[in-house]
Amino acid sequence: MIILMIFLAALSVLAVLLLIAVIHTLLVPRETSTYRPDESEESKARALAYAKKLSAMVRYETVSHPNEHDVPKIEGFHEVLKGLFPLVFEKLEVTDIEGNLLLYWKGKKHGRPLVLMSHQDVVPAGGKWEHEPFSGDIADGKVWGRGASDTKCSVMGFFQAVEELLEKGYEPEQDVYLSSSCTEEWAGDGCPKLVDEMERRGVKPYLVIDEGGGIITSPIGGIHGNFAMIGVFEKGKGDVKFTAHSSGGHASAPSPGSPIARLAAFVNDVETHSPFKKKMSKEVQAMFRRLAPYADSFGLRLVFENLWLFRPLLVALMPKISAQGGAMLQTTIAFTMASGSDAYNVMPETAVLGANMRFIPHQGMKESLEVIRKKASKYGLTMEIEHANDFSKPVDIDGEAFHLVESVVGKTFPGCAGSPYVMTGATDAYNYQRICDNVVRFAPVIYGPEQMKGMHGLNENIEYSCLPGCVDFYKNIIDAVGKME
């Protein structure tokens, strides 16, 4: 009887809490993100002119490979940039460190330096493309080719912004730096060398803006429109190798617990019972709250608007609903490489498994690596860390710099809702955290499903109607930083 009474009381409390959540959701007005690129004739003309510049940049192939640094090739790309943006290279102080560019635009003041950055290099382009990967074709309202969206569009955007400001005789109130490495795609030493140079000069940037987030179309299922997803930190990353040993032997008489069997059991265990803690950070909670009013269904709005009640449920279900959403809640591990015997009928003496890990702040690099090491040891595996670095320091989403970026987004892209965003990938911006507290990941271009799929994949492209907004964002952020008290 007592148990029944407790159960009924609990149901009553739950009913009251659900009623409060429903009432709260009903009271919050529905919203729609209305931003679309300007379709005026003037804007269309600008977009096509910018598309032609981006096309020229895409046509010059800048594929980079790990530890293969082709400086002469990159220097050739610099000649393309000089032809497209002559005033930038004439008026700014240019530092070239093995193909990595740092351009300095002296301001009237020097207390709040601004760094605009994105990389010159691109990943290889195999497979069959609709338009050749280095054609730079302008067709169907898009610029096609490797680097069009990742991220020569951003490089074009801030170079063009400075070019146009120089044409008008504009002098920035604060120092501006344009930073562009040529080794980003393989986490090379290009950007670190640029940061070393800035550190040598004693420069401590107030704000750094790199790629990472962007204006994402339908960032979460059930939420439609274009949303400015502003990356506020990136997860750490590590490459690890697991090895299983045995005495080998003939495959006709296999012994139990062979190396591949133990690796398979380990993978299955990790895949079905993740050893990592799931937690919704302040930044992720803010993202869901910001997006809540834009959700199509009442159920989704109910959950997102009332995280005080539904957060545990969302944390439990998100990894099953969305891989991207789940990656924002925990450290992840992806098994990507494997090797064993060289013959079908030979048991391997050694089998090796490679994996890529991404570390979340609440369970950082050291703890995450120890967790997976203990799990591997249960299956008699050894673990080696090939490379690892921890997560970056989050930008304060309640701070001045973040609000400044939000205000510029609002000015440049009217009707575009904005939200903090957690980067599950990696960028060059990581290197700037040692000299800057406000490192934001935001490329001011529209990434729809097609553009997201094309990055590092086939048929990479960018809709060039968004390029005027990209250029204007960089102009506006230069102006906004200069006007700060």
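Figured I'd write up the structure that's included with this text. This structure is a prediction, so every number in the text was calculated from the model and none was measured.

**What to know about the overall build of the chain**
Each helix and strand counted, the chain has 15 helices and 17 strands in total. Relative to a compact globule of 485 residues, whose C-alpha radius of gyration would be 23 Å, the chain shows 25 Å and is just as compact. Overall, the C-alpha framework of the chain stretches about 75 × 65 × 45 Å when taken along its three principal axes. Counting the 485 residues in the chain, one finds 53% classified as buried. At a minimum sequence separation of 6, the contacts of the chain that also span at least 24 residues come to 81%. Taken as a whole, the chain presents about 21500 Å² of accessible surface, with 57% of it coming from carbon and sulfur.

**Observations concerning the packing of helix H2 (residues 41-59) against helix H3 (residues 71-84)**
At a minimum axis separation of 10 Å, H2 and H3 run at an interaxial angle of 165°. Taken together, the axis directions place H2 and H3 in an arrangement best described as roughly antiparallel. Seen from above, H2 lies across H3 with right-handed handedness. From H2, Lys-53, Ala-56 and Met-57 reach across to H3, where they touch Phe-77, Val-80, Leu-81 and Leu-84. A per-class count over the contact of H2 with H3 returns 6 nonpolar, no polar and 1 charged.

**Here's the deal with the sheet that holds strand E5 (residues 142-144)**
The sheet built from 3 strands is open, its strands ordered E4-E5-E17 with antiparallel pairing. The sheet is open, and its two borders are formed by strand E4 (138-139) and strand E17 (461-463), each paired with just one other strand. Both E5 and E17 contribute to a ladder of 3 bridges, which runs antiparallel. Its bridge partner lying in E17, Val-143 is registered against Ile-462.

**Considerations on the sheet that holds strand E13 (residues 350-359)**
What holds strands together in a sheet is hydrogen bonding between their backbones, with the strands either parallel or antiparallel. Across the sheet, which stays open at both edges, the 4 strands sit in the order E11-E13-E9-E14 with antiparallel pairing between neighbours. Looking along the sheet, the strands with just one partner apiece sit at the ends: strand E11 (332-339) and strand E14 (382-389). Pairwise comparison of adjacent strand axes, ignoring direction, gives a mean angle of 20° for this sheet. Relative to the sheet, helix H12 (residues 365-377) contacts strand E9 (236-245), E11, E13 and E14, its axis offset from that of E14 by approximately 160°.

**Concerning the packing of aromatic side chains**
Within the structure shown, the criterion is met by 17 aromatic pairs. When the centroid spacing of 6.4 Å and the interplanar angle of 55° are considered together, the rings of Phe-242 and Phe-335 count as tilted. Of this pair, Phe-242 sits in strand E9 while Phe-335 sits in strand E11, placing them 93 residues apart in sequence. Across this residue pair, the class does not change: Phe-242 and Phe-335 are buried. Taken together, a centroid distance of 5.3 Å and an interplanar angle of 65° make the contact between Phe-442 and Phe-473 edge-to-face. Taken together, the residues Phe-442 in strand E16 (residues 439-447) and Phe-473 in helix H15 (residues 467-483) connect sequence positions 31 residues apart. Here Phe-442 and Phe-473 have matching classes, each one buried. Three or more aromatic residues joined by ring pairs form one cluster here, namely Tyr-35, Phe-85, Phe-89, Phe-158, Phe-159, Phe-413, Phe-442, Phe-473 and Tyr-474.

**Remarks on H3**
The end-to-end C-alpha distance of H3, which contains 14 residues, comes to 20 Å, matching closely the 20 Å that a straight helix rising 1.5 Å per residue would cover. Inspection of H3 places Lys-73, Ile-74, Gly-76, Phe-77, His-78, Leu-81 and Leu-84 among the buried residues, and these make up the whole buried set. Those residues of H3 hidden inside the fold are in contact with H2, helix H4 (86-91), strand E1 (93-97), strand E2 (100-105) and helix H5 (152-167).

**Thoughts on the side chain of Asp-121**
Within the element layout of this structure, Asp-121 appears in the loop between strand E3 (109-117) and E4. The buried charged residue Asp-121 lacks any salt bridge, with Lys-152 as its nearest oppositely charged partner at 8.9 Å. Reaching out from Asp-121, the side chain makes a polar contact with the side chain of Ser-64 at a distance of 2.7 Å. Within the local environment of Asp-121, its side chain forms a polar contact with the backbone nitrogen of Glu-185, the two atoms lying 2.9 Å apart. For Asp-121, the residues in contact, after removing those within four places along its chain, are Thr-62, Ser-64, Asp-150, Ser-181, Cys-182, Thr-183, Glu-184 and Glu-185.

What counts and what doesn't
Residue positions are given per chain, counting from 1 as you read along its sequence in written order. The predicted origin of the model limits local features to residues at a pLDDT of at least 70 and limits the giving and counting of side-chain atom pairs to 80 or more, whereas totals for whole chains, interfaces and linings rest on all residues. With hydrogens and water set aside, each side-chain value is computed from the structure's full complement of heavy atoms. Per the convention used, a helix needs a DSSP run of H or I reaching at least four residues, while a strand needs a run of E reaching at least two, with both numbered from the N terminus. Every radius of gyration here is taken over C-alpha atoms, with the globule rule written as 2.2 Å times N^0.38, N being the number of residues. Type-normalised accessible area, obtained with a 1.4 Å probe on protein chains alone, sets the label of each residue: buried when under 20%, exposed when over 50%, and partly exposed for intermediate values. We call two residues in contact whenever any of their non-hydrogen atoms come within 4.5 Å of each other. To measure how exposed things are, a 1.4 Å probe is used in the Shrake-Rupley method; for residues, cover is taken only from the protein chains shown. Comment: axis = line fitted to C-alpha atoms, over the contacting stretch for helices; angle = value between 0 and 180 degrees taken between N-to-C directions. In what follows, roughly perpendicular refers to angles from 65 to 115 degrees, roughly parallel to angles under 35, roughly antiparallel to angles over 145, and oblique to any angle outside these ranges. Left-handed describes a crossing whose near helix is turned anticlockwise from the far helix through less than a right angle; right-handed describes the clockwise counterpart. All amino acids are sorted into three groups, where Ala, Val, Leu, Ile, Met, Phe, Trp, Tyr, Cys and Pro are nonpolar, Asp, Glu, Lys and Arg are charged, and the leftover types, Gly among them, are polar. In this scheme, strands are said to pair when DSSP sees at least two bridges between them. Two rings belonging to Phe, Tyr or Trp (six-membered ring only in the last case) form a pair when the distance between their centres is within 6.5 Å. Interplanar angles under 30 degrees mark stacking, angles over 60 mark edge-to-face geometry, and anything in between is tilted. Here a helix's expected span is defined as the number of its residues, less one, multiplied by 1.5 Å. Counted as positive: Lys and Arg. Counted as negative: Asp and Glu. His and the chain ends are not counted at all. Salt bridges are defined by distance alone: a side-chain nitrogen of Lys or Arg within 4 Å of a carboxyl oxygen of Asp or Glu. Polar contact is defined as a pair of N or O atoms within 3.5 Å, subject to the rule that within protein one atom must be able to donate a hydrogen and the other to accept it, and that residues adjacent in sequence are counted only when both atoms are side-chain atoms.

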